[in-house]
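Chain by chain, the residues run as shown.
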Amino acid sequence: MALIVHKYGGTSMGSTERIKNVAKRVAKWHDAGHQMVVVPSAMSGETNRLLGLAKEIMPQPDPRELDMLASTGEQVSVALLAMALHALGKEAVSYAGWQVPIRTDSSFTKARIQSIDDQRVRRDLEAGRVVIITGFQGVDGDGHISTLGRGGSDTSAVAVAAALKAKECLIYTDVDGVYTTDPRVVSEARRLKTVTFEEMLEMASLGSKVLQIRSVEFAGNYRMPTRVLSSLTDPLMSLEEEAQSGTLISFEEDTNMEQATITGIAFNRDEAKITVIGVPDRPGIAYQILGPVADANIEVDMIIQNQSMEGKTDFTFTVPRGEYQKAMEVLDKSVREHIGAARIMGDAKVSKVSVVGVGMRSHVGIASQMFRTLAEENVNIQMISTSEIKISVLIDEKYMELAVRALHKAFGLDAGQGA
Ligand code: ADP
Ligand code: ASP
Ligand code: MG
């Protein structure tokens, strides 16, 4: 007998029929003698619908109120799942984040989990109940409801699993594992049986939304065995087969010498680029430009600064597209106040495409192969950033899918290419 955490995403919870299937699957695990904690997302489309309503009221609603609103989606799904389990004769109880409680900081709409109290949950588990906890939400020190950012239920699940020292966290979703790239963009994408924690961290941070990055961080920090698998299979399939399916995030250094140099292609459509032109090339200028952006809690990603010409230089960086307007406003003010003659230009129609793989460490020429492939497709590269295990390029969003397909093929990842 073990303590197991299941997480079900929006599609998996998308209708009462699907919720009944989730209940059957959870009941099967419980019948096998496991203590079960389940962390569901809101029903698919619900979080978008709620945020859409807010935007109908005003363009930039108060983040605290947004969280009050968005967190309701998960409250609906946990209660329905508890009922579906009751209907199968199982004892089950649902909790909102604040009832556990899952404590977070007060960065509304992108809060971070600080601690999780396990006592209430443990009491229920010991009494034989299935415990269902809302994904995506928590409560701050003043009792305000917070949410963890889009896709945050993954993080709730892995954090709950870590707090309870679960044996495994199973993330059920609408694909049957982690693929070499998004299978909805490249139909030749291949499922990975295992992916190293490091690679998963890069893939998630570079835009593969199959797992929210913070869930991967939690998995790594607590060495929580985490598996991504499908919720759309027969809920009554054999438990042994199910437990081996999907993709396992491994913490072992990959010893497979046959391993492909590149593990996958990640992309992020929602980038925006900002350039400050004609800034004086003097100490402190990067801080003057980026300091106010950081103070506004906007994450800056790629950064380049050109050589200076006659003491002036250009400075370019990227931010998430959703924060583009805010970043432009912040910069406009600080550039006028501190930097004088500079001009600001922006482009919110850019995307980032990255090749990822721990195998890159021992191979040279990956960058040039990437650049050649993009050149052959006539895709212009606007910015480049590299680390030991990834190379990212920023390109016009209209070429994103083309670039992903071309790179997937060029690096031998297409199914049938036998990488
Ligand atoms: P859930 O609602 O279950 O959390 P998400 O939509 O957040 O599901 O994440 C699953 C989706 O992630 C898949 O439907 C797929 O389109 C997308 N995805 C992006 N990159 C990958 C990848 N490398 N492997 C698998 N799925 C990916
Ligand atoms: N319901 C939230 C969202 O749509 C959290 C999640 O699905 O993980 O972003
Ligand atoms: Mg998700």
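What counts and how
Along each chain, residue indices are assigned from 1 in the same order as the chain's sequence is written. Chain letters and ligand numbers both follow the written order, the letters beginning at A and the numbers at 1. Given that the model is predicted, a residue must reach a pLDDT of at least 70 before its local features are reported, and side-chain atom pairs must reach 80 or more before they are shown or counted; all residues, however, enter totals for whole chains, interfaces and linings. Only hydrogens and water are removed before side-chain values are computed, so all heavy atoms of the structure are retained for them. Any residue with at least one heavy atom within 4 Å of a molecule or strand is counted as near it. In protein, a polar contact means a hydrogen-donor-capable atom and an acceptor-capable atom, both N or O and within 3.5 Å, with residues adjacent in sequence counting only if both atoms are side-chain atoms; elsewhere, any N or O pair within 3.5 Å suffices. Note that accessible areas follow from Shrake-Rupley with a 1.4 Å probe, and for residues the cover is restricted to the protein chains shown. In this classification, the charged set is Asp, Glu, Lys and Arg, the nonpolar set is Ala, Val, Leu, Ile, Met, Phe, Trp, Tyr, Cys and Pro, and all remaining amino acids, among them Gly, are polar. Following DSSP output, two strands are said to pair if at least two bridges run between them. Strands here mean DSSP runs of E at least two residues long; helices mean DSSP runs of H or I at least four residues long; both are numbered from the N terminus. Note on method: axes are straight lines fitted to C-alpha atoms, helices fitted across the in-contact stretch only, with angles between N-to-C directions ranging 0 to 180 degrees. Each nonpolar core is a collection of buried residues, namely Ala, Val, Leu, Ile, Met, Phe, Trp, Tyr and Cys, held together in the definition by side-chain atoms within 4.5 Å. Summary of the burial criterion: residues with accessible area below 20% of their type's maximum are buried, those above 50% are exposed, and those between are partly exposed, where the area comes from a 1.4 Å probe applied to protein chains only. In this description, contact between two residues means that some pair of their heavy atoms is separated by no more than 4.5 Å.

Draft legend 1. Structural context of the site of ligand 2. Near ligand 2 you find S41, A42, T47, E74, F136, R150, G151, G152 and S153, and these make up its full shell. Interatomic distance of 3.2 Å between a side-chain N/O atom of S41 and an oxygen atom of ligand 2. For ligand 2, the protein covers 87% of the area, taking 260 Å² as the surface of the free molecule. Taken together, the residues of the shell around ligand 2 break down into 2 nonpolar, 5 polar and 2 charged.

Draft legend 2. Structural view of the sheet that holds strand β15 (residues 312–320). Sheet architecture is open: 6 strands sit in the order β14-β15-β13-β16-β18-β17, paired in antiparallel fashion. A strand with exactly one partner marks an edge of an open sheet, and here the two such strands are β14 (303–305) and β17 (383–387). Within the sheet, the average angular offset between the axes of one strand and its neighbour, ignoring direction, is 25 degrees. The pairing of strand β13 (residues 264–280) with strand β16 (residues 343–356) spans 11 bridges and is classified as antiparallel. Pairing of G264 across the sheet is with V356, part of β16.

Draft legend 3. Region of the structure containing the nonpolar core. Residues V5, V37, V121, I133, C169 and M200 are the most contacted members of the largest nonpolar core, which totals 39 residues. Residue assignment for this core shows that the elements contributing at least two residues are β1 (3–8), β2 (35–40), α5 (119–126), β6 (130–133), α6 (153–163), β9 (168–173), α7 (197–205) and α8 (213–221). With residues up to four places along the chain from it excluded, the contact list for I133 reads V37, V38, V39, P40, V78, Y95, V100, I102, V121 and V160. Grouped together as the second largest cluster of nonpolar side chains are 25 residues, L81, A84, A92 and L229 included.

Taken by themselves, the reported measurements are silent on function.
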